[in-house]
Amino acid sequence: MATDQNLRGGAKIPAIAWREFRTTVLTKAFIIGAVVVPLLMIGIAMLAPYFMKSSSSIIKGRVAIVDVSGTVAPILDRMLAADRGEGPPVESAPSDDMPGGSLALTLVTETDAASIAPLREELGTKDLVALLVIPPALVQAPVADQPWPAVELLVPQSAPWRITARLEQLVRAAVVDARLANLGVDSAQQRKLMQRPIVDSQRQSGAGETKRESVMSRMFVPIGFMVLLWICVFTSGHYLLTTTIEEKSSRVMEVLLSAVSPMQLLTGKLLGQALVSLVMLVTYTGVALSALSVFAMADLIAPIQYLWLVIYFVMAYFMIGTMMVAVGSAVSELREAQSLMTPIMLVMMVPFWLWFPISHAPNGMLATIASFIPPLTPFVMILRLSSGSEPVAAWQIAASIAVGTLSTLGMLWAASRIFRVGVLMQGKPPSPRELLRWVTVR
Amino acid sequence: MSVAIRIEGARKQFRDTVAVRQLDLQIDQGSLCGFLGPNGAGKSTTIRMIMSIIHPDSGRIEVLGGSALDAKDRIGYLPEERGLYRKMRVGEFLRYIARLKGVPRGVADQRAQAWLERLELPEVFVKRCEELSKGMQQKVQFVASVIHGPELLILDEPFSGLDPVNARLMSGVVRDISASGATILFSTHQMVHAEQLCDRVVLIDKGEKILDATLEEVGTRFNPRTVIVEPIAAAGSNGELDAFERSLRSIDGVAEVRWSEGRRAASLSLAPGVDPQQVMGRTLAAGPVRSVELSKVSLDDVFVELVGGGPRPSEGGHGGD
């Protein structure tokens, strides 16, 4: 009856971790929810413009214009001809690249205001898809303190939105061109003169290297990194919560505790779900990088940021994971966990509220203080470090890692105390005060 | 003989409730001990303390020469609250528990299969746990508690939920494990199982040990207090039976006479301090009888007497208790 001695306590934690990992990752729910859906969403986002473009049809029809001045219609006619591909592009009306279908409209010009009524009646029939009425005052010399009259654009009830959108765009440009022509100004030249100069903002490092300033990298890379961290950590945290509750409610917990200590079980579960979280992090980071590469924007992320991501991911995972597993051990049903989860979720929404102020001022007082408040530390630090606009002081990075590590160890200790008592408790869930008592109980 | 479990002055309190108070217990290696007591007596708490799942507030517990934490791989445990991973396949579950108990990967499957066959469940290896009946789940749990070949096996209510056929099968397996040299401690409410299997019983109530004796000692110490008399008189002749009852009641030392259904036999409850042999002799003179016998004490009687508030015999002690 001797027990096999070649697999001692040290191998139990990997066995628990592996089961936790396998039973989470090899489920349809995980594969579909955590991998397939995000990949599909990114794929759809990348392919959507192509599909919208290629699936669009050609919208044909006639557009009637009542232009008493006779100056707008010829310009609009050239513009519509360019849209149909039958004439040279008109500089004031850039080519139509909006999704929803390309236009092949021909212009019917009337200069008599009396033709408005019959054209209105005809609208919607005989391919007449729009009626434009240009008030003569619109192209005359401006009168001080007098607003310009509006162009009247009429389309049938069922007209595609593309027609109104494109005609609004073209008629605005045509009216401006007509006004300039009336004043004898070369519209092309005038447009060139009016173009605002481009300011090429660059940041120069100590080594003399320059890097282009980018709103994208300043605002969206930080939130991207933080959301990545948040999703990976919370998904695994939620799995920790539910698997612990399942082990309690199915009463398998006592069987496990007859084989391993609560600390071994807790460690194994945390490590197993850490692996799950890591799989998600690698998958999502890979997908995001691929997407950035497609748009030639991979250089938005400096290589050092991946190191910060890994460091703060580990910190964030263990902070959130310990809280989730402690809550899971204290309750018997998922429903009961809601009351204990509410304060945790409220705290964890704080990084989202801090995104905007921190992205604008990564070294501001708010950002600096929030960096040292666990469990916000990893989320705030990743926001600051990935904003890229202002370097974070090295001492702050070191201090945040120290604070984060110490508080993670503290939370792990507290969670192990709660776990040890909670896993065998059944019945009414404890209050937060009672949880604190469990931490101090012998 | 060396000691498998030694408990000295263990006490455990949950808030205002004292679950176990000053418990002393010693289970010798190789013994098959029944751990008896009413609901809420503190059996499961004691077992959990033995398993180091919870720790006593005071006192000392030694299992297989040390702490149970260091000997978990040498102990098998079937908890009162049965638990399986619902979605897990039986083979996978047993493999997992075997791994946690220190069984090498290559051996775990063979052992699981062998145990399932022994418990007449060879077909469930690939089934999901949720597909099994309650009795089957219980047997799978039992396999999980013995798959690593423990030196000490602790079974909390191992027969609850089993039909008579499976209970008998389980009894045989428990007996075989005991015969192979393992120490077995099992708690039960069903005294018949304790009588059939155990060489010793420990009874606790309200967290205190109130009996610790071999079955033989129990038989000796709890003198039977009832004599069963079967009259020859026909069941229908009420007049004769009434006369017979009056004679029985007149015997010195008979406190009460109760008839069985149909008045086939009468039970004579004896007054305290009366010698049953004397009453049996006088019964023969009370009228024509088919048989007179001294009722054999059952664990049920002992349980009811001790837990139901009857006089408690002084503890004779066992193995140095």
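The written sequence of each chain sets the order in which its residues are numbered from 1. Chains and ligands are labelled sequentially in the order written, the chains with letters from A and the ligands with numbers from 1. Restriction of local features to residues with pLDDT of at least 70 applies here, the model being predicted, together with a cutoff of 80 or more for giving and counting side-chain atom pairs; totals for whole chains, interfaces and linings are based on all residues.

Peer 1: I tried to follow the domain arrangement of chain A on my own but got confused; where do I start?
Peer 2: In many reports, interface size means the accessible area that the parts give up when they come together. In this document the domain limits rely on a domain assignment from an automatic tool or a database. Here the domain parsing of chain A yields domain 1 (60-185) and domain 2 (215-440). The centre of domain 1 of chain A, based on its C-alpha atoms, is set 57 Å off from the matching centre of domain 2 of chain A.

Peer 1: Hey, could you run me through the sheet that holds strand E10 (residues 226-231) of chain B in this one?
Peer 2: Hydrogen bonding along the main chain pairs the strands of a sheet, whether they run parallel or antiparallel. Residue and element names in this part refer to chain B. Here, a strand pair is defined by DSSP locating no fewer than two bridges between the strands. Segments assigned H or I by DSSP are reported as helices when at least four residues long, segments assigned E as strands when at least two residues long, and all are numbered from the N terminus. Across the sheet, four strands lie side by side as E11-E12-E10-E13; this open sheet has antiparallel pairing. In this open sheet, the two strands that pair with only one neighbour each are strand E11 (254-259) and strand E13 (289-294). Taken pair by pair, the neighbouring strands of this sheet meet at an average axis angle of 20°, ignoring direction. As defined by bridge partners, E10 adjoins strand E12 (residues 266-270) across four bridges and the pair is classed as antiparallel. Paired with Val-229 across the bridge in E12 is Ala-266. A residue pair is marked as a contact if its C-beta atoms, positioned from the backbone, fall within 7 Å. Fitted lines through C-alpha atoms give the axes, limited to the stretch in contact for helices. The angle between two N-to-C directions lies from 0 to 180 degrees. Along the sheet, helix H8 (residues 238-249) makes contact with E10, E11 and E12, crossing E11 at roughly 155°. Seen against the sheet, helix H9 (residues 276-285) touches E10, E11, E12 and E13 and runs at an angle of roughly 175° to E13.

Peer 1: What is the right way to read the packing of helix H14 (residues 394-422) of chain A against helix H15 (residues 432-440) of chain A from this model?
Peer 2: Relative orientation and spacing of two packed helices are given, respectively, by the angle between their axes and the distance between those axes. All names here are of chain A. Their axes nearest at 8 Å, the elements H14 and H15 cross at an angle of 100°. On the basis of the axis angle, H14 is roughly perpendicular to H15. Across the interface between the two elements, Ala-414, Arg-417, Ile-418, Val-421 and Gly-422 from H14 touch Leu-435, Trp-438 and Val-439 from H15. Note that Gly is not counted as nonpolar here; it falls among the polar residues with everything else outside the nonpolar set of Ala, Val, Leu, Ile, Met, Phe, Trp, Tyr, Cys and Pro and the charged set of Asp, Glu, Lys and Arg. Class assignment for the residues of the contact of H14 with H15 results in six nonpolar, one polar and one charged. Should an angle fall under 35 degrees it is called roughly parallel, over 145 degrees roughly antiparallel, and 65 to 115 degrees roughly perpendicular, with every other angle called oblique.

Peer 1: Got a minute to help me understand the interface of chain A and chain B in this structure?
Peer 2: Contact with chain A, which involves 23 residues of that partner, is made by 31 residues of chain B. Of all the elements in the fold, those that place two or more residues in the side of chain A that touches chain B are helix H1 (9-25) and helix H8 (253-257) of chain A. Per-element tally for the side of chain A that touches chain B: the top contributor is H8(A), with four residues. For the side of chain A that touches chain B, the per-class residue count stands at 11 nonpolar, six polar and six charged.

Peer 1: Can you walk me through the confidence of the model for chain B in this structure?
Peer 2: Any region with low pLDDT has predicted coordinates that should not be read closely. Model confidence for chain B is summarised by a mean pLDDT of 86, while 94% of its residues fall at 70 or above. Model confidence for the complex is summarised by a pTM of 0.71, with the ipTM given as 0.76. The quantity called pLDDT is the predictor's confidence in a given residue, expressed from 0 to 100.

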